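Remarks on the overall topology
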Amino acid sequence: MNIELQKTGNLTATIKIDITPADYEERVMKVLKEYNRKAQMPGFRPGKVPFGMTKKMYGPAVTADEINKLLGESLEGYVRDNNLNILGNPLANMEKTPQVDFNEATEMSFYFDLGFNPEFELNLEEIALPYYSILISDESAQKYLTELRKRNGEMTDAEVSEKGDLLKGDFAELDADGNPFENGISTNGTVNADLFAEDFKEMFNGLKTGDVVKFNPMKASGNVTDVAAMLGIDKDWAESLESEFSFTVTGISRMVPAEINADLFEKIYPGMGIADEAALIEQIKKDAAGSFVGESDKKFFNDAVKTLIDKSNIELPDEFLKRWLLDINQEKFTAEEIEKNYDDYARSMRWQLIENRLIKAFGIEVSQEEIKNVFRGYFQRPGSSEMDEDMKMRIDSIVDSFMKNKEDVRRINDQLFEQKMLGVLKEKMISEDKPVTYEEFVKIASEQ
């Protein structure tokens, strides 16, 4: 056997493999003898079929199979032994490889095309990016406080309805003449006009017990789930509903926001010793800003990926990669679809190359124990007491069963990996922290 590497471009090459019968005949004969030992044919006892018949029947197919195995082993060994840093897998070059007759034991030549990983420079310390931390304005904090007061308030009865009230009442489906439909829907329910379209909201202001409103629920809401819940019917029925209804008010409930006092402070932030409204607003700002960290991180990560791809100027063996993509996606994509979407794929490939470099440079990896710790966290609550050894053993037993779910393990592995990659990028690339309001953040993100 002879293997020769022939460069065909800056990032491509062709491997030529010359084989002789001596390279594969022994392998073929071994398989054929095993076939012959198990062969069963009419007129012959099992295992007594003449070898010549077995060879004639199975010889070409076995020869082709063994040569393919030999080629695969030889390619893999050559790439490994010569430390060839290739992209994808070798592709058979059918234009250079002559037609092969597996009925004849003869010398053969096979050609395979390769694409190489490109060389590129990567130095995170030379790249600086801003990190946009989102600030919460006083106005936004007051809106949060208003919602918190409502959430912790109490429901009371009201005489005249206002915006935000819940109206209890009786529904009656109407016919085309506006009269109650004899076999129509008749039920009691609750109306939250805040969920309605603007044209319908005003209809439910200023109402008293006994007042009647006629309206089309589907036109008012537009949400099948909400209408089904309001009328106590299933979603399929609500989806086909076109009728108008009369709604007779039987009661009005109003949420009275909680007062801003020590009781509210303790309800919202138990044990934190919030003393006044100013301290409460500051804590709300801090918590609200923390809830936006994910968006800031996502923005920074996307900026980092784009910048690294653009600055690294990674050259790719494009034509080889297009062939390789077609080869591994034969049942999914056509050559035209791959050509159309190739720029997106090439960008993804460049990031993968950069990511692999970062993994190696900074030792980014996720251990099994780290994944287990995430599962263990499901059973631990903040502030809970230390678990005894028996409880730890029971939890570890459950965690071991969780580890058998490959999909969940992969999901957690990916999350932990992304956190570590983000941590490296933030540590090495952040030039300055830029506080911005959420409105400014949205504008910046949309412009970029």
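This write-up is about the structure you can find in this document. (Residues numbered from 1 in each chain as written. Predicted model: local features only at pLDDT ≥ 70, side-chain atom pairs only at ≥ 80, totals over all residues. Heavy atoms only, no water.)

Concerning the environment of D157
Topologically, D157 is positioned in strand 6 (residues 154-157). Judged by its relative accessible area of 72%, D157 falls in the exposed class. As a C-alpha pair, D157 and T187 span 30 residues in sequence and 21 Å in three-dimensional space. Leave out the neighbours within four places in its chain, and D157 touches I252 and S253. (Helix = DSSP H or I, 4+ residues; strand = E, 2+ residues; numbered from the N terminus. Buried < 20%, exposed > 50% of the residue type's maximum accessible area, 1.4 Å probe, protein only. Contact = heavy atoms within 4.5 Å.)

Details of the packing of aromatic side chains
The tally for this structure, following the rule as stated, stands at 14 aromatic pairs. For the pair F171 and F245, a centre-to-centre distance of 6.5 Å together with 80° between the ring planes defines the contact as edge-to-face. Separated by 74 residues along the polypeptide, F171 in strand 7 (residues 166-173) and F245 in strand 10 (residues 245-256) bring together distant segments of the chain. Residue F171 is classed as buried on the basis of its relative accessible area of 1%. Overall, F245 belongs to the buried group, its relative accessible area being 0%. Taken together, the ring pairs in this structure connect F171, F196, F204, F215, F245 and F247 into an aromatic cluster. A cation sits over an aromatic face here: K322 above Y342, 5.0 Å from the ring centre. Over the face of the ring belonging to F120 we find R357, whose NZ or CZ atom lies 4.0 Å from the ring centre. (Phe/Tyr/Trp six-rings, centres within 6.5 Å; stacked < 30°, edge-to-face > 60°. Lys NZ or Arg CZ within 6 Å of the ring centre and 35° of its normal.)

Some thoughts on a nonpolar patch on the surface
Together, Y35, M57 and Y58 give the surface a local cluster of nonpolar side chains, amounting to about 300 Å² of exposed area. By secondary structure assignment, the location of Y58 is in helix 2 (residues 51-81). Overall, the relative accessible area of 33% leaves Y58 in the partly exposed class. (Patch = residues over 30% accessible without salt bridge, like charges linked within 9 Å, V, L, I, M, F, W, Y side chains within 5 Å. Areas by Shrake-Rupley, 256 points an atom, 1.4 Å probe, with all protein chains shown as cover. Salt bridge = Lys/Arg side-chain N within 4 Å of Asp/Glu carboxyl O.)

Some points on the environment of P317
Along the chain, the position of P317 falls in the loop between helix 10 (293-312) and helix 11 (318-328). For P317, a relative accessible area of 6% puts it in the buried group. Placed 28 residues apart in sequence, P317 and Y345 show a C-alpha to C-alpha distance of 13 Å. Not counting residues within four places of it along the chain, the set of residues in contact with P317 comprises L11, T12, L87, G115 and F116.

Brief notes about the packing of helix 10 against helix 17 (residues 438-447)
Relative to each other, helix 10 and helix 17 sit at 25°, their axes nearing to 12 Å. Between helix 10 and helix 17, the angle falls in the class roughly parallel. For helix 10 against helix 17, the interelement crossing comes out left-handed. Residue-level inspection shows E295, S296 and K299 of helix 10 in contact with helix 17, the latter providing Y438, F441, I444 and A445. Grouping the constituent residues of the contact of helix 10 with helix 17 by class yields four nonpolar, one polar and two charged. (Axes fitted to C-alpha atoms, helices over the stretch in contact; angles between N-to-C directions. Parallel < 35°, antiparallel > 145°, perpendicular 65-115°, else oblique. Left-handed = near helix turned anticlockwise from the far one by under 90°. Nonpolar A, V, L, I, M, F, W, Y, C, P; charged D, E, K, R; others polar.)

Overview of the sheet that holds strand 2 (residues 12-19)
Overall, antiparallel pairing links the four strands, which are arranged 1-2-4-3 in an open sheet. Both edges of this open sheet fall to strand 1 (2-7) and strand 3 (86-92), since each of them pairs with a single strand only. Looking at each pair of strands side by side, their axes are set apart by 25° on average, direction ignored. As paired strands, strand 2 and strand 4 (residues 108-116) are joined by eight bridges and run antiparallel to one another. In the sheet register, T12 faces strand 4, and the bridge partner there is G115. Relative to strand 2, helix 2 is tilted by about 130°, and along the sheet it contacts strand 1, strand 2, strand 3 and strand 4. (Pairing = 2+ DSSP bridges.)

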